[in-house]
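Residue-level listing of the chains:
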There are 2 protein chains.
Amino acid sequence: MVNVALDAMGGDNAPLEVIKGALDALKLNDSIKIYLLGDEEKIKECMDNVAPIFSSDRLEIVHCSEVIEMAEPPVNAIRRKKDSSIVRGMNLVKEGVCDAFVSAGSTGAVLVGGQILVGRIKGVDRAPLAPLIPTEKGVSILVDCGANVDAKPNQLVQFAKMGSIYMEHVMGIKNPSVGIVNIGAEEEKGNMLVKETFPLLKNCPDINFIGSVEARDIPKGVCDVIVCEAFVGNVILKLYEGVGSTLLKVIKGGLMTSIRSKLGALLVKPALKETMKKFDASEYGGAPLLGLNGLVVKTHGSSKAKEVTTTILQCATFKEADINGKISAKINI
Amino acid sequence: MVNVALDAMGGDNAPLEVIKGALDALKLNDSIKIYLLGDEEKIKECMDNVAPIFSSDRLEIVHCSEVIEMAEPPVNAIRRKKDSSIVRGMNLVKEGVCDAFVSAGSTGAVLVGGQILVGRIKGVDRAPLAPLIPTEKGVSILVDCGANVDAKPNQLVQFAKMGSIYMEHVMGIKNPSVGIVNIGAEEEKGNMLVKETFPLLKNCPDINFIGSVEARDIPKGVCDVIVCEAFVGNVILKLYEGVGSTLLKVIKGGLMTSIRSKLGALLVKPALKETMKKFDASEYGGAPLLGLNGLVVKTHGSSKAKEVTTTILQCATFKEADINGKISAKINI
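Remember, it's a predicted structure, so these values are computed and weren't measured experimentally. The numbering scheme is per chain: residues are counted from 1 as the chain's sequence reads. Naming scheme: in the order in which they are written, chains are lettered from A and ligands are numbered from 1. For this predicted model, a pLDDT threshold of at least 70 governs which residues receive local features, and a threshold of 80 or more governs which side-chain atom pairs are given and counted, while totals over whole chains, interfaces and linings are taken from all residues. For side-chain calculations, the full set of non-hydrogen atoms in the structure is used, while hydrogens and water are omitted.

Take the overall build of chain A next. Within chain A, the secondary structure is distributed over 11 helices and 11 strands. By the compact-globule yardstick of 20 Å for 333 residues, chain A fits well, its C-alpha radius of gyration being 20 Å. Dimensions of chain A, computed from the C-alpha atoms along their principal axes, are close to 65 × 60 × 35 Å. The cut-offs for exposure are 20% and 50% of the maximum accessible area for each residue type, with area from a 1.4 Å probe on protein chains only; residues under the lower value are buried, those over the upper are exposed, and the others partly exposed. Among the 333 residues that make up chain A, the fraction classed as buried is 59%. Should any heavy atoms of two residues lie within 4.5 Å, those residues are considered in contact. Contacts in chain A between residues far apart in sequence, at least 24 positions, make up 73% of those at least 6 positions apart. Total accessible area on chain A is roughly 13,500 Å²; 53% of this is exposed by carbon and sulfur atoms. For chain A, the distance from the average site of its 39 positive side-chain charges to the average site of its 39 negative ones is 4 Å. Numbering of helices and strands runs from the N terminus, with a helix taken as a DSSP run of H or I at least four residues long and a strand as a DSSP run of E at least two residues long. Only C-alpha atoms enter the radius of gyration; for comparison, a globular chain is expected to reach 2.2 Å times N to the power 0.38, where N is the number of residues. Every accessible area reported is derived by Shrake-Rupley at a probe size of 1.4 Å, with residue values counting cover from the shown protein chains alone. Counted as positive: Lys and Arg. Counted as negative: Asp and Glu. His and the chain ends are not counted at all. To locate a charge, take NZ of a lysine, CZ of an arginine, CG of an aspartate or CD of a glutamate.

Laid out in structure tokens, this is it:
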């Protein structure tokens, strides 16, 4: 069995979409058991609406009396709200009751909780947050977008190793290519961190390092594992979303300027919707926090049932493929 | 008179589009004189095609026997190719013959040449490359996207001051707002550089500092002057282009999937083209290298006549508004 703790209170669409996603995951994989954490009354009310006759010993509601809000300072929240869904979920992983914890709640609280409560695999220096980002060719993993600003070269090498293991064994990409984000393709370019990290990655036998990648080539799918420190990773992740949504808004606005274009817009709508789905990060599941004693996954704040389901199924793959065993082996060579 | 040295050999569309742009600028502003630098024979051949009867003492061809190629290591190129259009143009600015130099050629050579040949205004620590990027609301300036990686906090403060002066006096934005790129909106967030820079910007009386800005809000036009060190700036600039062009490619591909969507595509095409123009960086002119003894502007490698014209007209505004006098005054308070 794979035991997944699921935060029913996190995200814009909780608890309804979280519950729907959980039920779908249970249907799709019968070796999964889900611990649904949150306000029992609200959860039951939702369950009554969505699946009134549902009954399974693979779903357990764990009542939590507190909720960590998005705006709360994460360290304080984790320390004080011991009965929140996030703290309780992390503790279930720490105690070994659950293999994974999934939340669409406060990113800060999930990051802090992962480090403080779940803890890192021996030998892992920092636990990076590694979202999957859509590209022309499919999807790449961006390590690190978390809280580890001002990272060190050897930490970036660990990110590269962990990202490669995830892409190969969870996402099924053979011998995933690894690139480091840089401001030019040549080896001698870059800031101090990149210049020091480049030769370490080049000499690392465990990964398929292809060299520097420029930000403009990331959306083209230039490599499977994109390595950078968290400040740059955060900028990439957020600008990705920002440029995409602004551009779509501008385009939609443009289509409303004449009768001709309005008619055209009606005709292109279904094809456009289908295309944009491919470029929607939530289609690929949440962002794992790699290198922890267990698995913690942050799903998008706006995630719907589909993303929750995809993420839960990935948690199963993560356990079945023994990702943490593989990480531990590669880090502690 | 404003004297502008123009690299006729730089960029994908040289010399034809450069020459067209120069001629348009001369028509639009009769206090501009242009020194067209490059292979005299090629320039004359182009002139004969574009404007066979053109004659003006406000256009002078300066023959240069060498060209700096895009792939050449910039420092070497600047040192060795003394008779290249880039080196000759920079020297015209240094000698005071010209007020500005404009090139669509090698960014590296333009950056290095600006620092080595033209030199910085007294008190200016680093000369940032400051491209204008399109937003929902218009345009913002992104300082720095140049070669100054691993910048210091006081340098970022200078970037903020210089960017503000440029936006106010060249782009005509009153009391331009300044934001620092950060991974969250709160003051305590960020890497070491941002944490140290934030209070300096907050206490700087010369600028309209609004605090941290997240990358996702840049395309929305959250502030007029976006301050960051060059590595992050370069990532932002290139990802901006990368996400935009990939998204458009994916959308265009999507529109070709059915007869219905193909028909719709035909109808929306003119409106879409008009809309995308607003989001095209080249509409707003080239990127100035701020803080030099003179003005050096890098236009896009793919720039066409329109961008060249816009840039030349901005050079005139730059001189007439005495931007460098204003920079010198604000930096040396």
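After presenting the structure, the write-up continues.
The next point concerns the interface of chain B and chain A. In this assembly, 51 residues from chain B lie in contact with 51 residues from chain A. Reported buried area values correspond to the accessible surface (1.4 Å probe) lost by two parts on association, with both partners' losses combined. A combined buried area of about 4,800 Å² lies between chain B and chain A, and 76% of that area is made up of carbon and sulfur atoms. Among the residues of chain B in contact with chain A, B:Ile183, B:Phe231 and B:Leu239 are the three that bury the most area, contributing 14% of the side total. Basic side-chain nitrogens of Lys or Arg form a salt bridge, by our definition, when they fall within 4 Å of a carboxyl oxygen of Asp or Glu. On inspection of chain B and its partner chain A, the count reaches 6 salt bridges.

This brings us to the nonpolar core. We call a set of buried residues a nonpolar core when its members are Ala, Val, Leu, Ile, Met, Phe, Trp, Tyr or Cys and they connect through side-chain atoms within 4.5 Å of each other. By size, the foremost hydrophobic cluster in this structure holds 182 residues, and its most contacted members are A:Ile34, A:Ile236 and B:Ile236. Sequence-distant contacts of B:Ile236, defined by excluding residues within four places in its chain, comprise A:Val235, A:Leu239, B:Leu142, B:Val181, B:Ile218 and B:Cys228.

Along the chain, B:Glu214 turns up in strand 8 (residues 208–214). Those residues in contact with B:Glu214, other than ones at most four positions away along the chain, are A:Lys238, B:Asn182, B:Ile183, B:Gly184 and B:Ala185.

So, on to the relation of the copies chain B and chain A. Each of the two chain copies can be brought onto the other by rotation about an axis and movement along it. With an RMSD of 0.0 Å, the fit of chain B onto chain A corresponds to turning through 180° and sliding 0.0 Å along the axis. Such values leave the two copies arranged in the relation of a two-fold axis. Looking at the rotation axis and the C-alpha trace of chain B, the residue lying nearest is B:Gly264, at 2.0 Å. Most of the interface of chain B is mirrored in chain A, where 100% of its interface residues are also at the interface. Copy-to-copy superposition: least squares on the C-alpha atoms, limited to residues that have pLDDT of at least 70 in both copies.

For the rest of this paragraph, the subject is the sheet that holds strand 10 (residues 287–289) of chain B. Residues and elements named next belong to chain B. Any two strands between which DSSP finds at least two bridges are classified as paired. Taken in spatial order, the 6 strands line up as 3-2-1-4-11-10 in an open sheet, and their pairing is mixed. Edge positions in the sheet fall to strand 3 (59–63) and strand 10, since each has one partner strand and no second. For this sheet, the mean inter-axis angle between neighbouring strands, taken without regard to orientation, is 25°. Axis definition: a line fit to C-alpha positions, over the contact stretch in the case of helices; interaxial angles, taken between N-to-C directions, run 0 to 180 degrees. Lying on the sheet, helix 2 (residues 40–50) is in contact with strand 2 (32–38) and strand 3; it crosses strand 3 at an angle near 145°.

What follows concerns empty space enclosed by the protein. The rolling of a water-molecule-sized probe over the atoms marks out the regions of remaining empty space. Here the term cavity refers to a set of points on a 1 Å grid, laid over the protein atoms alone, in which a 1.4 Å probe fits but cannot get out; the term pocket refers to an open set having protein on both sides within 12 Å along at least five of seven lines, with lining residues being those that place an atom within 4 Å of a point. Grid points are joined across faces, edges and corners, and a volume is the space filled by probe spheres set on the points. Following the criterion strictly, the structure yields 4 cavities of 30 Å³ or more and no others. The computed volume of the largest cavity comes to approximately 60 Å³. Taken together, 15 residues make up the lining of the largest cavity; nearest its centre are B:Gly10, B:Val18, B:Ala104, B:Thr299 and B:Ser303. Taken together, the elements giving at least two residues each to the lining of the largest cavity come down to strand 1 (2–7) and strand 4 (100–103) of chain B. Only Asp, Glu, Lys and Arg are considered charged in this grouping, and only Ala, Val, Leu, Ile, Met, Phe, Trp, Tyr, Cys and Pro are considered nonpolar; every other residue, Gly among them, is considered polar. Residues of the lining of the largest cavity, tallied by class, amount to 6 nonpolar, 7 polar and 2 charged. In this structure, the second largest cavity spans a volume of roughly 50 Å³. In terms of lining residues, the second largest cavity is bounded by A:Ile251, A:Leu255, A:Val268, A:Leu272, B:Ile251, B:Leu255, B:Val268 and B:Leu272. Where the lining of the second largest cavity is concerned, the elements lending two or more residues are helix 8 (230–255) and helix 9 (259–278) of chain A together with helix 8 (230–255) and helix 9 (259–278) of chain B. Across the lining of the second largest cavity, the residue classes tally to 8 nonpolar, no polar and no charged.

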